[in-house]
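Breakdown of the fold
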Amino acid sequence: MKNLWNDDTAEKLVADYAKKGVGRDLALRVYTTRLLGGVPQLVLHGGGNTSCKIKATDLVGDEWDVLCVKGSGWDMAVIEPQGLPAVKMRALLKARALDKLADEDMVALQRANLIDPSSPNPSVETLLHAFLPHKFVDHTHSTAILAIVDQEDSKPLVKTVFGSKMGYVPYIMPGFDLAKAAADVFDADPTVEGLILDKHGIFTFGDDAKQAYDRMIHYVNVAEEYVAENAKPKAAKAALPAKLATPASIAPMLRGAVAVARGEGRFDRMISDFRTSDAIVDFINSAAIADYAGRGVSTPDLSIRIKTGPMAVPAPDADKVGDYKGVIKSHVDAFAKEYRAYFETNDALDDVKRTMLDPMPRLTLVPGLGMFGHGRTLKDARIASDVGEMWIEAVRGAEAVGRFHPLSKADLFPLEYWSLEQAKLASNKPKPLTGQVVLITGGAGAIGAATAKLFADNGAHAVVVDLDAEKAAEAAKKAGNNSIGVGADITDPVQVRAAFDKAVAVFGGVDILVSNAGAAWEGRIGELDDALLRKSFELNFFAHQSVAQNAVRIMLEQGTGGVLLFNTSKQAVNPGPKFGAYGVPKAATLFLSRQYALDYGTHGIRSNAVNADRIRSGLLTDAMIASRSGARGVSEKEYMSGNLLGQEVTAQDVAQAFLHHALAERTTADVTTVDGGNIAAALR
Ligand SMILES: [Zn+2]
């Protein structure tokens, strides 16, 4: 572990913050907090915390001794001074005399003593920071430290590795009791430079920011060196199939298996993030991987991310990939069953009212390939993968010097179901399309881009496919929510397949198809060049078939239903003069939509069409509007609003119709008209 302290950078930050009225101590607290937070081997995504004891003035000018401690919801890597709320020390120190303090009361006490009442909640480890006398206190969940403390009998090993300079605190759940126990260990020997918390992590402290940070890096290095020098030979490897299936071929099966069934064909889906490297595969290929996974998480706060631990599945044989769906399903079922038992057993121990979280794994280890992080959003799935990488490091280290023996699941339970965490989760309401992936063709056009944005705003991740890769990327960026752009000529089946492969690689699968791309050619049908009509069929019919086929292939692997949505245009039901080259294939596409509804309804796959007309887009440009309205002797406005409602219809209106179809769970084989009312094109 490298010591990243740099005098010049530190002084520059102090000078920059001085201009904003932030004092030297708090500026340096921000500096080393970021140094620690930027190293995944120390802390991950909101884990860990730091503090410093300074003076602060309240609104009426009274000066207080305060503890500036990391606030909940802040990530150490990007902390700002306001991420370290100031709490009055006097009340915190008085709390040490109490015999007990409930979690809710502890939070209330901390909040009641904030200098700024709009601050985030101070860390759950606030009291531990307060009870230690040092000006600077640093806390991480270092993987090297976890290798030492995740042992059945870690106390003698801690003594061997760290000697008497570090205090040893037996495992207690974070909160008041842990703070008191840690302070007692310190008081018993105030010469220690830090504390090792069994099954949890490490605290170091110092009189200044550099001393506390230097000690953290030093003791992490001591642990790393011990592991390196005392490592046993690596464990035996599992036998792998001669030919492994690809991650893309198993991702949709896995994504389907971990979706939470809500009954009657409804699912809460997850996004899967595939992660691999030589180090990941080398570890996951161990013959004992299922055993390691079953033992649990390397430090308790990981349970918020990967529950009771990862799920290991067998390596997928390329020659038996058809059977693999059943293999995955049986492993997910077993994981969920065990999770339910874990909940029921531990929940029954007291009469606290708890709601069970979904029982699905958040991290799947696949020998030979790598691992999949699962989450309701891509961000959560990636966090699960990040956590997986650090779990591997800690377990590898623990197995190298002994036997990985983390906190028992019974002791983990109160933390996973900590009342304040549960309240946080309950307030985190999903959006209507959270967990779903939508692939949109013609995605950079007016309708496609509006649809991508609307779906992303409703929680979906969009895969924006367009002939123009750059514009696709631009539309995806505008849509937001980690949407991606893919350049593809969808009249080429190879490129269509590649676009779907990309969707699977990034998100794990596809749930909604918006088959929207199209182009119009003019000419009287009897005199039409045959090649032109065929060209139109390629884009306005066969490309729809090609994308629908790929979507259905993935949806069947997932087994969680899905929606196919086709932009068929008013031409499909009401031909316009000289528009046969466009209307005839669109009419075929309308029937294509119905055919899919008929053939795949039993698999929960719905298929609907949107029949839009006269939308400003690449098909109906401003120049065309000017020319057509001029030819008819009406204003552009009259031309665009020439419908029963007398209102212009926009790309946004079409996007709304697609969204309606994505959400209308009992609607299939339907056509929705978005044309402001055109009685000649009204469907029977
Ligand atoms: Zn901690």
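Everything below is about the structure shown above.
Described below are features of the structure shown in this document. Bear in mind the structure is a predicted one, so any value in this text is a computation, not a measurement. (Residues numbered from 1 in each chain as written. Predicted model: local features only at pLDDT ≥ 70, side-chain atom pairs only at ≥ 80, totals over all residues. Heavy atoms only, no water.)

Some thoughts on the pattern of salt bridges
Tallied over the entire structure, the rule returns 37 salt bridges. Residue Arg262 is joined to Asp268 by a salt bridge in which the shortest nitrogen-to-oxygen separation is 2.7 Å. In this structure Asp268 comes out as partly exposed when scored by relative accessible area, which is 22%. Arg524 is paired through a salt bridge with Glu527; the nearest N and O atoms lie 3.1 Å apart. By relative accessible area, which is 52% here, Arg524 ends up exposed. Taking the relative accessible area as the measure of exposure, Glu527 reaches 60% and is therefore exposed. Connected through salt bridges with shared partners, the residues Asp273, Arg275, Asp386 and Glu389 form a single ionic network. (Salt bridge = Lys/Arg side-chain N within 4 Å of Asp/Glu carboxyl O. Buried < 20%, exposed > 50% of the residue type's maximum accessible area, 1.4 Å probe, protein only.)

What about the layout of surface pockets?
Empty space among the atoms becomes visible once a probe the size of a water molecule is rolled across them. Each pocket or cavity is described by its volume, and for the second largest pocket that value is around 1,200 Å³. As for the second largest pocket, its lining consists of 46 residues, and the residues nearest its centre are Ala520, Tyr582, Ser617, Leu619 and Leu620. Its residues assigned to classes, the lining of the second largest pocket comprises 19 nonpolar, 15 polar and 12 charged. Mapping the lining of the second largest pocket onto the domain boundaries places at least three of its residues in each of domain 3 (437-613 + 652-676) and domain 4 (619-648). (1 Å grid on protein atoms, 1.4 Å probe; cavity = no way out; pocket = protein on both sides within 12 Å on 5 of 7 lines; lining within 4 Å. Points joined across faces, edges and corners; volume = space filled by probe spheres on them. Nonpolar A, V, L, I, M, F, W, Y, C, P; charged D, E, K, R; others polar. Domains from an automatic or database assignment.)

As for helix 8 (residues 176-188)
Between its terminal C-alpha atoms helix 8 stretches 19 Å, which fits the 18 Å expected from 13 residues at 1.5 Å a residue. Residues of helix 8 that are buried: Phe176, Leu178, Ala179, Ala181, Ala182, Ala183 and Phe186. Contacts from the buried residues of helix 8 go to helix 4 (103-112), helix 5 (126-131), strand 5 (166-169), strand 6 (194-197) and strand 7 (201-206). (Helix = DSSP H or I, 4+ residues; strand = E, 2+ residues; numbered from the N terminus. Expected span 1.5 Å × (residues − 1). Contact = heavy atoms within 4.5 Å.)

Quick notes on the packing of helix 21 (residues 530-558) against helix 22 (residues 580-600)
Close contact between helix 21 and helix 22 brings their axes to 8 Å; oriented N to C, the two are set at 20 degrees. By the angle between their axes, helix 21 is roughly parallel relative to helix 22. For the pair helix 21 and helix 22, the crossing hand works out as right-handed. Here Leu533, Ser536, Phe537, Asn540, Phe541, His544, Gln545, Ala548, Gln549, Val552 and Leu556 of helix 21 come into contact with helix 22, specifically with Ala581, Tyr582, Val584, Pro585, Lys586, Ala588, Thr589, Leu592, Tyr596 and Tyr600. (Axes fitted to C-alpha atoms, helices over the stretch in contact; angles between N-to-C directions. Parallel < 35°, antiparallel > 145°, perpendicular 65-115°, else oblique. Left-handed = near helix turned anticlockwise from the far one by under 90°.)

Brief notes about the environment of Thr650
Locating Thr650 in the fold gives a position in the loop between helix 24 (636-640) and helix 25 (651-663). A relative accessible area of 32% places Thr650 in the partly exposed class. Residues Thr650 and Phe372 lie 278 residues apart in sequence; the distance between their C-alpha atoms is 40 Å.

A word on the side chain of Asn611
Note on placement: Asn611 falls in strand 19 (residues 605-612). The exposure class of Asn611 is buried, given its relative accessible area of 2%. A distance of 3.4 Å separates a polar atom in the side chain of Asn611 from a polar atom in the side chain of Thr673. (Polar contact = N/O pair within 3.5 Å; in protein donor to acceptor, adjacent residues only side chain to side chain.)

Details of the sheet that holds strand 4 (residues 136-140)
Ordered by their spatial adjacency, 7 strands build an open sheet running 3-2-1-4-7-6-5, and the pairing between neighbours is mixed. One side of each edge strand has no neighbouring strand; the edge strands of this open sheet are strand 3 (86-88) and strand 5. Here the strands of the sheet are splayed against their neighbours by 25 degrees on average, with no regard to which way each runs. The pairing of strand 5 with strand 6 spans 4 bridges and is classified as parallel. Paired with Val169 across the strands is Leu197, a residue of strand 6. (Pairing = 2+ DSSP bridges.)

Focus on the coordination of the zinc ion
Coordination of the zinc ion by the protein is provided by Glu125 (OE), His139 (NE2), His141 (NE2) and His200 (NE2), with metal-donor distances spanning 2.1 to 2.8 Å. What the 4 donor atoms of the zinc ion show is an angle range of 78 to 170 degrees at the metal, which sorts the shape as irregular. As a motif over one chain, the donors of the zinc ion read E-x13-H-x1-H-x58-H. On the criterion of sequence distance, the pair formed by His139 in strand 4 and His200 in the loop between strand 6 and strand 7 is long-range, its members being 61 residues apart. By relative accessible area, His200 is classed as buried at 3%. (Donors = N, O, S within 2.8 Å, 3.2 Å for Na, K, Ca; no water. Tetrahedral: all angles 85-135°; square planar, octahedral: opposite > 155°, others 65-115°.)

So, the environment of Ile145
By secondary structure assignment, the location of Ile145 is in helix 6 (residues 143-149). Not counting chain neighbours up to four residues away, the residues in contact with Ile145 comprise Phe162, Ile196, Gly201, Ile202, Tyr219, Val220 and Ala223.

Considering the sheet that holds strand 11 (residues 311-312)
Within a sheet, neighbouring strands are paired by backbone hydrogen bonds and run either parallel or antiparallel to one another. Strand order in this open sheet of 4 strands is 10-13-12-11, and the pairing throughout is mixed. In the strand order of this sheet, the two ends are held by strand 10 (271-275) and strand 11, each with one partner. With 5 bridges joining them, strand 10 and strand 13 (residues 370-375) adopt antiparallel strand pairing. Within strand 13, the position partnered with Ser272 by the bridge is His374. Across the face of the sheet, helix 10 (residues 247-258) comes into contact with strand 10, strand 11, strand 12 (363-366) and strand 13 while running at roughly 35 degrees to strand 13. Where helix 15 (residues 378-401) meets the sheet, its contacts fall on strand 10, strand 12 and strand 13, and the angle it forms with strand 13 comes to roughly 140 degrees.

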